[in-house]
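Secondary and tertiary structure notes
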Amino acid sequence: MITGTTFALAAGLTWGLVFIAPLLLAEYPPALLSFARYLAFGLIALPLAALDRRRLAQLTRADWREALKLALVGNLVYYLFLASAIQHAGGPLPTMIIGTLPVVIAVSSNLRDAQRDGRLPWRRLAPSLALIGAGIALVNQAELAHLRADPAADLGRYALGALLAVGAVACWTWYPLRNADWLRAHPDRSPAVWATAQGVATLPLAALGFAGFWLVDALRGGAFAMPFGPRPALFVGLMLALGLLASWLGTLCWNAASQRLPTTLAGQLIVFETLAALAYALALRGGAPDAATLAGIALLVGGVVIALRVRPVAAAPNPA
């Protein structure tokens, strides 16, 4: 339990970095950020794949098809939605919407995976879910107050950002459930190998997306300075950093956590990503969190602590 929680914390700290890249590169289209991030991830995965080619060769065609699905939905589509949401609504609001993932995944997993992981009693799970939900609501209320105080705020743009963030939540509810299915079905496989396999699977998808974006931009008259945009050094550096830390290392840590924890509990530990992203976004904004934000963070952490004390019970067998 302690080891799994530590891996989940490490994954959250690295994944939180992806929330500030769209703010630092606000003039870059979200699609380009998504394709470039995972192009970097795929390129970083290639030498790792070469070193681990024997274990990768043990993966079947079905395994590679699953890696492609996970790469498409959990990587490219998810970050396309998230980067778009952040550029429309700023950092904190999408962060808080993504912060509902612990609740959404916990509920989905408890309904879906009780036979495999055991059932977490709803009565004992409810207090942690309530605390997490209340914490998210408090932080979201503080952000809405900040929005109302800005005379230049565009409510329609923020609403679209919120809707895009909901799309990101849908993608990343599906991803950890499917990813855990594969890892639990293959307990003899290394999480590092599976992380590398997803990186290799992401590479052709990201390369095609990047080339397609470049072609469309050229057909439109080359309005954007392809391939690296107006700030190439910052763009390339951030994409490589996200590819190595947030994509490969984060996936590795999450896979290690998923093998050690019930999916319901692991899902709640995604709250670490929310806390890290919120801290990074507030630091970038340059403002100290107010009392409501601090109270919300405390509730989030308290909910996770309580959740870790809940132990699954054997689910009733399905009737023959």
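Residues numbered from 1 in each chain as written. Predicted model: local features only at pLDDT ≥ 70, side-chain atom pairs only at ≥ 80, totals over all residues. Heavy atoms only, no water.

Here's the deal with the overall build of the protein chain
Put simply, the rule reads: Helix and strand definitions follow DSSP, with helices as H or I runs of at least four residues and strands as E runs of at least two, each counted in order from the N terminus. Each radius of gyration is computed over the set of C-alpha atoms, and the globule rule expresses the reference value as 2.2 Å times the number of residues to the power 0.38. Burial classification: accessible surface area is computed with a 1.4 Å probe over protein chains only, and a residue below 20% of its type maximum counts as buried, one above 50% as exposed, and the rest as partly exposed. In this analysis, two residues are considered to be in contact whenever any of their non-hydrogen atoms come within 4.5 Å of each other. Working definition of accessibility: Shrake-Rupley area with a 1.4 Å probe, residue cover restricted to the visible protein chains.
Broken down by element type, the protein chain carries 15 helices and zero strands. Taking 320 residues into account, the globule formula puts the C-alpha radius of gyration at 20 Å, and the protein chain, at 20 Å, falls close to it. Taken over the C-alpha atoms alone, the protein chain extends approximately 65 × 55 × 35 Å along its principal axes. Looking at the protein chain residue by residue over its 320 residues, the buried ones come to 51%. When contacts within the protein chain are restricted to residue pairs at least 6 apart in sequence, long-range pairs at least 24 apart make up 90% of them. For the protein chain, the accessible area works out to roughly 13,900 Å², and carbon and sulfur atoms hold 69% of it.

Describing the packing of aromatic side chains
Selection criterion: For Phe, Tyr and Trp, where Trp contributes only its six-membered ring, two rings pair if their centres lie within 6.5 Å, and the inter-plane angle classes them as stacked under 30 degrees, edge-to-face over 60, or tilted in between. Only lysine NZ and arginine CZ atoms are considered, and such an atom sits over a ring when it is within 6 Å of the ring centre and within 35 degrees of the ring normal.
Counted by the stated rule, this structure contains 11 aromatic pairs. A centroid spacing of 5.5 Å and a plane angle of 50° characterise the contact between tryptophan 15 and tryptophan 254, whose relative ring orientation is tilted. Of this pair, tryptophan 15 sits in helix 1 (residues 2-15) while tryptophan 254 sits in helix 12 (residues 232-260), placing them 239 residues apart in sequence. Residue class for tryptophan 15 comes out buried when judged on its relative accessible area of 8%. Considering the side-chain rings of tyrosine 38 and phenylalanine 41, the 6.1 Å spacing of their centres and the 65° angle between planes classify their relative orientation as edge-to-face. Highlighted residues: tyrosine 38 and phenylalanine 41, both in helix 3 (residues 30-51), separated by three residues, approximately one helical turn. When sorted by exposure, tyrosine 38 lands in the same class as phenylalanine 41, which is buried. Seen from the ring of tyrosine 79, arginine 37 lies directly overhead, with NZ or CZ sitting 4.7 Å from the centre.

Considerations on the nonpolar core
The following threshold applies: The term nonpolar core refers to a set of buried residues drawn from Ala, Val, Leu, Ile, Met, Phe, Trp, Tyr and Cys, joined through side-chain atoms within 4.5 Å.
Counting 81 residues, the largest nonpolar core has Tyr79, Leu82 and Met239 as the members making the most contacts within it. Residues in contact with methionine 239, not counting those within four places in the same chain, are Leu25, Leu33, Ala36, Arg37 and Ala40.

Some thoughts on the pattern of salt bridges
Applicable threshold: A carboxyl oxygen of Asp or Glu within 4 Å of a side-chain nitrogen of Lys or Arg is what we treat as a salt bridge.
If you walk through the whole model with that rule in mind, you get five salt bridges. The salt bridge partner of arginine 189 is aspartate 63, with a shortest N-O separation of 3.8 Å. Residue arginine 189 is located in the loop between helix 10 (155-185) and helix 11 (191-219), and its partner aspartate 63 is located in helix 5 (residues 61-89); the two are separated by 126 residues in the primary sequence. Each of the two residues, arginine 189 as well as aspartate 63, counts as buried. Two residues, aspartate 188 and arginine 189, come together in a salt bridge whose shortest N-O distance is 3.9 Å. By relative accessible area, arginine 189 is classed as buried at 18%. Look at the salt bridges and you will find they share partners, linking Asp63, Asp188 and Arg189 into a network.

Observations regarding the packing of helix 3 against helix 5
Under the convention used in this document: The axes are straight lines fitted to the C-alpha atoms, using for helices just the contacting stretch, and the angles between their N-to-C directions are given from 0 to 180°. If an angle is under 35 degrees, it is roughly parallel; if it is over 145, roughly antiparallel; if it lies from 65 to 115, roughly perpendicular; otherwise it is oblique. We call a crossing left-handed when the near helix sits turned anticlockwise from the far one by less than a right angle, and right-handed when that turn is clockwise.
Contact pair helix 3 / helix 5: the axes reach a minimum separation of 8 Å and the direction vectors enclose 140°. It follows that helix 3 is oblique to helix 5 by the angle criterion. Here helix 3 runs over helix 5; the crossing is right-handed. Mapping the contact onto sequence places Pro30, Ala31, Leu33, Ser34, Phe35, Arg37, Tyr38 and Phe41 in helix 3 and Gly74, Asn75, Leu76, Tyr79, Leu80, Ala83, Ser84 and Gln87 in helix 5.

A closer look at the environment of threonine 196
Position of threonine 196 among the secondary structure elements: in helix 11. Judged by relative accessible area, which is 3%, threonine 196 ranks as buried. Sequence-wise, threonine 196 and alanine 257 are 61 residues apart; in three dimensions their C-alpha atoms are separated by 16 Å. Sequence-distant contacts of threonine 196, that is, excluding residues within four places in its chain, are made with Ala45, Leu48, Ala49, Leu56 and Trp248.

Focus on the packing of helix 1 against helix 12
In plain terms, the rule: Residues are sorted three ways: Asp, Glu, Lys and Arg are charged, Ala, Val, Leu, Ile, Met, Phe, Trp, Tyr, Cys and Pro are nonpolar, and all the rest, Gly among them, are polar.
Between helix 1 and helix 12, whose axes approach to 8 Å, the crossing angle comes to 155°. It follows from the interaxial angle that helix 1 and helix 12 lie roughly antiparallel. Crossing of helix 1 against helix 12: the hand is left-handed. From helix 1, Thr3, Gly4, Phe7, Ala8, Ala10, Ala11, Thr14 and Trp15 reach across to helix 12, where they touch Leu245, Ala246, Leu249, Gly250, Thr251, Cys253, Trp254, Ala256, Ala257 and Arg260. Here the contact of helix 1 with helix 12 is built from residues that sort into 12 nonpolar, five polar and one charged.

Some thoughts on the confidence of the model for the protein chain
The condition is simple: Every residue is assigned a pLDDT by the predictor, reflecting its confidence on a scale from 0 to 100.
Here the protein chain averages 84 in pLDDT, and 92% of its residues register 70 or above. Per-element mean pLDDT across the protein chain ranges from 62 in helix 8 (residues 114-117) up to 93 in helix 5.

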